[in-house]
Amino acid sequence: VNQLDERLSTYHRGLVASLASPAAYPADKPRRTSRRWRFAAATLLGVVAAVAVPLVVLHLVSGTPGRASVITVKVSGFTVVEEADTNGVTPRINRNQAASAALQWLASGEGGMPAIDGARIVTSSFRADVYSVTWADGSYSTTGPPENLWLITLEAPGQPGWQHTEAHVLVDGDTGDISGANQYSYNCPTAPASASPDYPACP
Amino acid sequence: MSAQMVEGTAPSPETVGRAQAAPLSTATDVAELLEEAQPRLLALAYSVLRDRGLASDAVQDTMERALRAWSTLRSPASSGAWLAKICLRQSSRLRRKELLRSWLRLPRDGVSAELLAADIDLERAIAKLPPRQRAILALHYLYGFSLDESAGVLGVRPGTARSHLARALNTLRQELQQ
């Protein structure tokens, strides 16, 4: 221990003496760069790329606005993909007007479907900025640009030709137009293969 | 300065700095004291930075700051520790600034080993120590500060200073035995 102490004391005294004498020191050599520069540059480039590329991609896909803020929610048997932050969006078409549009669509027999009278509203929900809706039986409706939609479920009592009818209707919350619809009319005991668990059970 | 040191042992705090015990009243006194402190400050800065050019810069900064702040020094008798503290702070600041640049440069090829040819093994072993451990070695063996005083200069607890010194000495013993 003492020997090391002595060496350290001597060393530091020598350090003072040597540093105090510029002649003891060779002139500084020109500082050269090394391959570390290339490594550092490559690393920097990699980091920049790692940060920039996702930002560019996010910017490019932001035409289908802000995927990062899109959420999926379950509403009355519908699976809805929509914008996350839609607080405060209210429909121009109220619930009664939307229900009326849905009932009219079912009664019209539009698209070659059986015209059904006497249906009733089972559920109705409004969702803003909706990208797509999937019904419980797996059928899918995409809306393209986000829409404000009323999601309506209808049920009709037995009537000539059809013992049971269930329908899902998407009504545009701004215009009252029908954005999408599915109708299931059937006679027991043969229910459609796509029948969801929500279907009225056959007697 | 070194004439007052006892050969082979760490100097006692009483022997550190001729002018420290006397009150300083004139600018000339201050200038003389700073002039006299420079060699050891240079060695202290070098201990941290391991680069003479940077150490000179650190000492230069220390001098400027010391002159500006001299009036705030409460006791001229403690100017040695005060200057060492400023010097270590400037050295650390320069070291942080130089960290990336020194990493990018080619390693220096044994300049300091040539400088201290008398004990190359010890020089190489010290070069491997972390800056904080080199600093406490310098404060203890160059300035003769006790561990408590060194801790005060470094701004750490005495236990931490003791730990740094113990680790440094252990490392040096191991390196020197190899």
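Source: prediction; values computed, not measured. (Residues numbered from 1 in each chain as written. Chains lettered and ligands numbered in written order. Predicted model: local features only at pLDDT ≥ 70, side-chain atom pairs only at ≥ 80, totals over all residues. Heavy atoms only, no water.)

The next thing to look at is the overall build of chain A. Along its length, chain A carries three helices and six strands. A buried classification covers 36% of the 203 residues belonging to chain A. Restricting the contact set of chain A to residue pairs at least 6 apart, pairs at least 24 apart contribute 56%. Here chain A has roughly 11600 Å² of accessible surface; of this, 58% comes from carbon and sulfur atoms. (Helix = DSSP H or I, 4+ residues; strand = E, 2+ residues; numbered from the N terminus. Buried < 20%, exposed > 50% of the residue type's maximum accessible area, 1.4 Å probe, protein only. Contact = heavy atoms within 4.5 Å. Areas by Shrake-Rupley, 256 points an atom, 1.4 Å probe, with all protein chains shown as cover.)

In this section: the overall build of chain B. The secondary structure content of chain B amounts to eight helices and zero strands. Scanning chain B from its N terminus toward the C terminus, one meets helices and strands in the order α-α-α-α-α-α-α-α. In chain B, which comprises 178 residues, the proportion classed as buried is 47%. Taking as baseline every contact in chain B between residues at least 6 positions apart, the subset at least 24 positions apart corresponds to 66%. Accessible surface, chain B as shown: approximately 9000 Å² in total, 51% of it carbon and sulfur.

On to the packing of helix 1 (residues 2-20) of chain A against helix 6 (residues 131-142) of chain B, then. At a minimum axis distance of 9 Å, the contact between helix 1 of chain A and helix 6 of chain B shows a crossing angle of 95°. When the axes of helix 1 of chain A and helix 6 of chain B are compared, the pair comes out roughly perpendicular. Residues A:Asp5, A:Leu8, A:Ser9, A:His12 and A:Val16 of helix 1 of chain A form the contact with helix 6 of chain B, whose participating residues are B:Leu137, B:Ala138, B:Tyr141 and B:Leu142. In terms of residue class, the contact of helix 1 of chain A with helix 6 of chain B is made up of six nonpolar, two polar and one charged. (Axes fitted to C-alpha atoms, helices over the stretch in contact; angles between N-to-C directions. Parallel < 35°, antiparallel > 145°, perpendicular 65-115°, else oblique. Nonpolar A, V, L, I, M, F, W, Y, C, P; charged D, E, K, R; others polar.)

Another aspect to go through is a positive patch on the surface. Residue and element names in this part refer to chain B. On the surface, Arg65, Arg68, Lys85 and Arg89 cluster together into a patch of positive charge. As for its position among the elements, arginine 68 is in helix 2 (residues 52-69). Given the relative accessible area of 62%, arginine 68 is considered exposed. (Patch = residues over 30% accessible without salt bridge, like charges linked within 9 Å, V, L, I, M, F, W, Y side chains within 5 Å. Salt bridge = Lys/Arg side-chain N within 4 Å of Asp/Glu carboxyl O. Lys, Arg positive; Asp, Glu negative; His and termini not counted. Charge placed at Lys NZ, Arg CZ, Asp CG, Glu CD.)

On to the environment of B:Leu49, then. Residues and elements named next belong to chain B. Turning to its location among the elements, leucine 49 is positioned in helix 1 (residues 27-49). Note on leucine 49: relative accessible area 11%, which makes it buried. Counting along the chain gives 78 residues from leucine 49 to alanine 127, while the straight-line C-alpha distance between them is 9.9 Å. Not counting residues up to four positions away in its chain, the partners in contact with leucine 49 are Leu54, Ala55, Ala58, Ser91, Leu94 and Arg95.

It is worth spelling out the nonpolar core at this point. With 55 residues, the main nonpolar core has A:Leu8, B:Leu137, B:Leu139 and B:Leu172 as its most contacted residues. The next biggest cluster of nonpolar side chains, apart from the first, holds 17 residues, and it includes A:Ala128, A:Leu154, A:Ala156 and A:Ala167. (Core = buried A, V, L, I, M, F, W, Y, C linked by side-chain atoms within 4.5 Å.)

Next up on the list: a nonpolar patch on the surface. All names here are of chain A. Together, Val53, Val56, Val57, Leu58, Leu60 and Val61 make up a nonpolar patch on the protein surface, roughly 510 Å² of accessible area in all. Note on placement: leucine 60 falls in helix 2 (residues 35-60). When its relative accessible area of 64% is taken as the criterion, leucine 60 is described as exposed.

Below, the discussion takes up the packing of helix 6 of chain B against helix 8 (residues 158-177) of chain B. Residues and elements named next belong to chain B. Running from amino to carboxyl end, helix 6 crosses helix 8 at an angle of 100°, the nearest separation of the two axes being 9 Å. By the angle between their directions, the pair helix 6 and helix 8 is classed as roughly perpendicular. The segment helix 6 lies against helix 8, with Arg132, Gln133, Ile136, Leu137, His140 and Tyr141 engaging Ala161, His164, Leu165, Arg167, Ala168, Leu169 and Leu172. Each residue belonging to the contact of helix 6 with helix 8 can be placed in one class, and the counts come to eight nonpolar, three polar and two charged.

Buried residues of helix 7 (residues 147-154) of chain B: B:Leu147, B:Ser150, B:Ala151, B:Val153 and B:Leu154, and no others. End-on, the buried residues of helix 7 of chain B take up no more than an arc of 160°, which puts them together on one face. (Arc of directions from axis to C-beta.)

Residues and elements named next belong to chain A. Along the polypeptide, serine 132 turns up in strand 3 (residues 120-134). For serine 132, a relative accessible area of 6% gives the class buried. Linking serine 132 and phenylalanine 78, residues 54 residues apart in sequence, is a C-alpha distance of 10.0 Å.

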